[in-house]
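Here is how the chains run, residue by residue.
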Amino acid sequence: MSYLSIQGLHKSYGETKIFSDIDCEIGQGEFVTLLGPSGCGKSTLLRCIAGLTEVGGGQILLDGQDLVPLAPQKRGIGMVFQSYALFPNMTVQENVAFGLRMQKVGKAESQQRVREALDMVELGEFAGRYPQQLSGGQCQRVALARSLVTRPRLLLLDEPLSALDARIRKHLREQIRTIQQELGLTTIFVTHDQEEALVMSDRIFLMNAGKIVQSGNAETLYTAPVDAFAAGFIGNYNLLDAETASRLLGRPIASRIAIRPEAIQFASQGGIEALVRGHSLLGNVIRYRVEARGVELLVDVLNRAAADMHASGQRIALNIDAHAIHEVA
Ligand code: ADP
Ligand code: MG
């Protein structure tokens, strides 16, 4: 059963077509991520759903109701932006209460709900502070509380973590996911960061140039990319055209293929002869560049002991898992 249903949505800015035919279905309580490179239309799609920009045509149904004719404040949607967009001259408490004032919620109920929302994002003690007295991560939690307090039917998060440093980003993504699940809140999260998408989402919609090119859970997107773009965007892939693939594997291959670097193993004997060209240490993984039959490949090996490291120029053999060779368009 679909809760948010988008049919044939299109959007242009002047002569420039941003997207022409977006269709997607999102279930109630689902956490969906729009993942794609900068400029592919993620923010524009969110802004269309929120009513912050006009659509050129198509339908957006939320819980059976067409949103397109509704003003943004009538849609029951909460939105959080990368830039926080807090009011600098208002305290945390006043920022969070803002949406309730617009909805003419009474003072006692408003205070109660603001307190609950701030507790949810663990900022109960910061109610009296001003935004400039907070860190970036805290500001973003205020922005989140400000959306949650209105009890939206749909939460839209546009790269909310992109301005934060890595440690805060990881903490906050867990907090967002926990709150979302506790509230059963249908959420669309936008990011260009594949790791964020893989760890947070029930489903990922991979976007490129105004199109949703693939949708599915993390496992599907990781293991079965539909095309070369999808293969290249999520994780690392060795992408080989048919001729190169045939040369490497020593048998005729009819289409382009993708092989994950971790699906290739170093073998002590047999396999495909190869030469180590170099390596980089990625923490728990060592990524080797090897050359086999004139083909350059990436090979990821778990970093067990530095003593096992293979030096440049060393001759080795490769085994490639047959089930890890994927045909891609
Ligand atoms: P993303 O969020 O995926 O980075 P956007 O949705 O912001 O991408 O932008 C998609 C495309 O639409 C880009 O080419 C961008 O330049 C263009 N665009 C976005 N907003 C406007 C606007 N207000 N006027 C004209 N073009 C715009
Ligand atoms: Mg954007």
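Note that the structure is a prediction, hence the values are computed from the model and not measured.

## Notes on helix H5 (residues 166-183)
The periodicity of an α-helix, 3.6 residues per turn, causes residues three or four places apart in sequence to face the same way. End to end, H5 covers 26 Å across 18 residues, agreeing with the expected 26 Å (1.5 Å per residue, within 8%). Within the sequence span of H5, burial applies to Leu172, Arg173, Gln175, Ile176, Arg177, Ile179 and Gln180. The secondary structure elements touched by the buried residues of H5 are strand E3 (31-35), helix H3 (107-120), helix H4 (136-148), strand E7 (154-158), strand E8 (187-191) and helix H6 (194-200). Backbone geometry just after H5 places Gly184 at a positive phi near 60°.

## Re the site of ligand 1
Around ligand 1, the neighbouring residues are Tyr13, Ile18, Pro37, Ser38, Gly39, Cys40, Gly41, Lys42, Ser43 and Thr44. Within the backbone of Gly39, a nitrogen or oxygen atom sits 2.6 Å from an oxygen atom of ligand 1. Between ligand 1 and the protein, one listed contact pairs an oxygen atom with a backbone N or O atom of Cys40 at 3.2 Å. For the shell around ligand 1, the element with the most residues is helix H1 (residues 42-50), which contributes 3 residues. Counted by class, the shell around ligand 1 contains 4 nonpolar, 5 polar and 1 charged residues.

## So, the packing of aromatic side chains
Inspection of every chain in the model, using the stated rule, returns 4 aromatic pairs. An angle of 35° between the planes, with centres 5.7 Å apart, marks the rings of Phe31 and Phe189 as tilted. With a gap of 158 residues between them, Phe31 in strand E3 and Phe189 in strand E8 connect regions that are remote in the sequence. Look at Phe31 and you get buried, because its relative accessible area is 0%. Above the plane of the ring of Tyr222 lies Arg260, whose end atom (NZ or CZ) is 3.6 Å from the centre.

## A few points about the layout of surface pockets
Taken as a whole, the largest pocket spans an internal volume of roughly 710 Å³. Along its surface, the largest pocket is lined by 21 residues, and Gln73, Ile77, Gly78, Met79 and Thr150 are the ones closest to its centre. Mapped onto the lining of the largest pocket, the elements with two or more residues apiece are strand E6 (77-81), helix H2 (92-102) and H4. Counting residues per element, the lining of the largest pocket draws most heavily on E6, which supplies 4 residues. A class-by-class count of the residues in the lining of the largest pocket yields 12 nonpolar, 7 polar and 2 charged.

## Let's talk about the sheet that holds strand E15 (residues 285-292)
Within a sheet, each strand pairs with its neighbour through backbone hydrogen bonds, oriented either parallel or antiparallel. Pairing within the open sheet is antiparallel, and its 5 strands lie in the order E13-E17-E14-E15-E16. Only two strands of the sheet have a single partner each, and these edge strands are strand E13 (264-267) and strand E16 (295-302). When the angles between neighbouring strand axes are averaged without regard to direction, this sheet yields 50°. Relative to E15, strand E14 (residues 272-281) is paired through 6 bridges, and the arrangement is antiparallel. Bridge pairing links Leu275 to Glu291 in E15. Across the sheet, helix H9 (residues 242-249) lies against E14, E15, E16 and strand E17 (315-320), angled at about 65° from E16, the strand it touches most.

## Examining unusual backbone geometry
Glycine aside, negative phi is the norm for most residues, and most peptide bonds take the trans geometry. One non-glycine residue, Ala85, lies in positive phi territory at about 55°. Positioned with a positive phi, Glu159 is a non-glycine residue whose angle comes to about 45°. The residue Glu159 is located in the loop between E7 and H5 in this model.

## Quick look at the sheet that holds strand E18 (residues 325-327)
One open sheet holds the 3 strands; their spatial order is E11-E12-E18, and the pairing between them is antiparallel. Here the strands that pair on one side only, and so sit at the sheet edges, are strand E11 (238-240) and E18. Each strand axis lies, on average, 25° off the axis of its neighbour in the sheet, ignoring direction. Of the strand pairs in this sheet, strand E12 (residues 257-259) and E18 are connected by 3 bridges, and their pairing is antiparallel. Along E18, the bridge assignment pairs Ile259 with Ile325.

## Looking at the nonpolar core
Counting residues in hydrophobic clusters, the biggest one holds 34 residues, and the most contacted among them are Val96, Val114, Leu118, Val142, Leu144, Leu157 and Ile176. Look past the residues within four positions of Leu157 in its chain and what remains in contact with it is Leu46, Val80, Leu144, Ile176, Thr187, Ile188, Phe189 and Val190. Ranked by size, the runner-up nonpolar core spans 28 residues in total, among them Phe19, Ile26, Ala50 and Ile188.

## Quick look at the environment of Leu318
Relative to the helices and strands, Leu318 resides in strand E17. Looking at Leu318, the relative accessible area reads 1%, which means it is buried. Between the C-alpha atom of Leu318 and that of Leu249, which follows or precedes it by 69 residues, the distance is 11 Å. Not counting chain neighbours up to four residues away, the residues in contact with Leu318 comprise Ile264, Gln265, Phe266, Gly271, Ile272, Ala274, Val290, Ala292, Leu297 and Val299.

## Considerations on the pattern of salt bridges
Under the definition given, this model contains 7 salt bridges. One salt bridge in this structure joins Arg203 and Glu30, with 2.6 Å as the shortest N-O distance. Here Arg203, found in strand E9 (residues 203-208), pairs with Glu30, found in the loop between strand E2 (16-26) and E3; they are 173 residues apart in sequence, far enough to count as distant. With a shortest N-O distance of 2.7 Å, Glu291 and Arg277 are connected by a salt bridge. Residue Glu291 is located in strand E15, and its partner Arg277 is located in strand E14; the two are separated by 14 residues in the primary sequence.

Criteria and cut-off values
Residues numbered from 1 in each chain as written. Chains lettered and ligands numbered in written order. Predicted model: local features only at pLDDT ≥ 70, side-chain atom pairs only at ≥ 80, totals over all residues. Heavy atoms only, no water. Helix = DSSP H or I, 4+ residues; strand = E, 2+ residues; numbered from the N terminus. Expected span 1.5 Å × (residues − 1). Buried < 20%, exposed > 50% of the residue type's maximum accessible area, 1.4 Å probe, protein only. Contact = heavy atoms within 4.5 Å. Near = heavy atom within 4 Å. Polar contact = N/O pair within 3.5 Å; in protein donor to acceptor, adjacent residues only side chain to side chain. Nonpolar A, V, L, I, M, F, W, Y, C, P; charged D, E, K, R; others polar. Phe/Tyr/Trp six-rings, centres within 6.5 Å; stacked < 30°, edge-to-face > 60°. Lys NZ or Arg CZ within 6 Å of the ring centre and 35° of its normal. 1 Å grid on protein atoms, 1.4 Å probe; cavity = no way out; pocket = protein on both sides within 12 Å on 5 of 7 lines; lining within 4 Å. Points joined across faces, edges and corners; volume = space filled by probe spheres on them. Pairing = 2+ DSSP bridges. Axes fitted to C-alpha atoms, helices over the stretch in contact; angles between N-to-C directions. Core = buried A, V, L, I, M, F, W, Y, C linked by side-chain atoms within 4.5 Å. Salt bridge = Lys/Arg side-chain N within 4 Å of Asp/Glu carboxyl O.

Any functional reading would require information that these geometric values do not contain.
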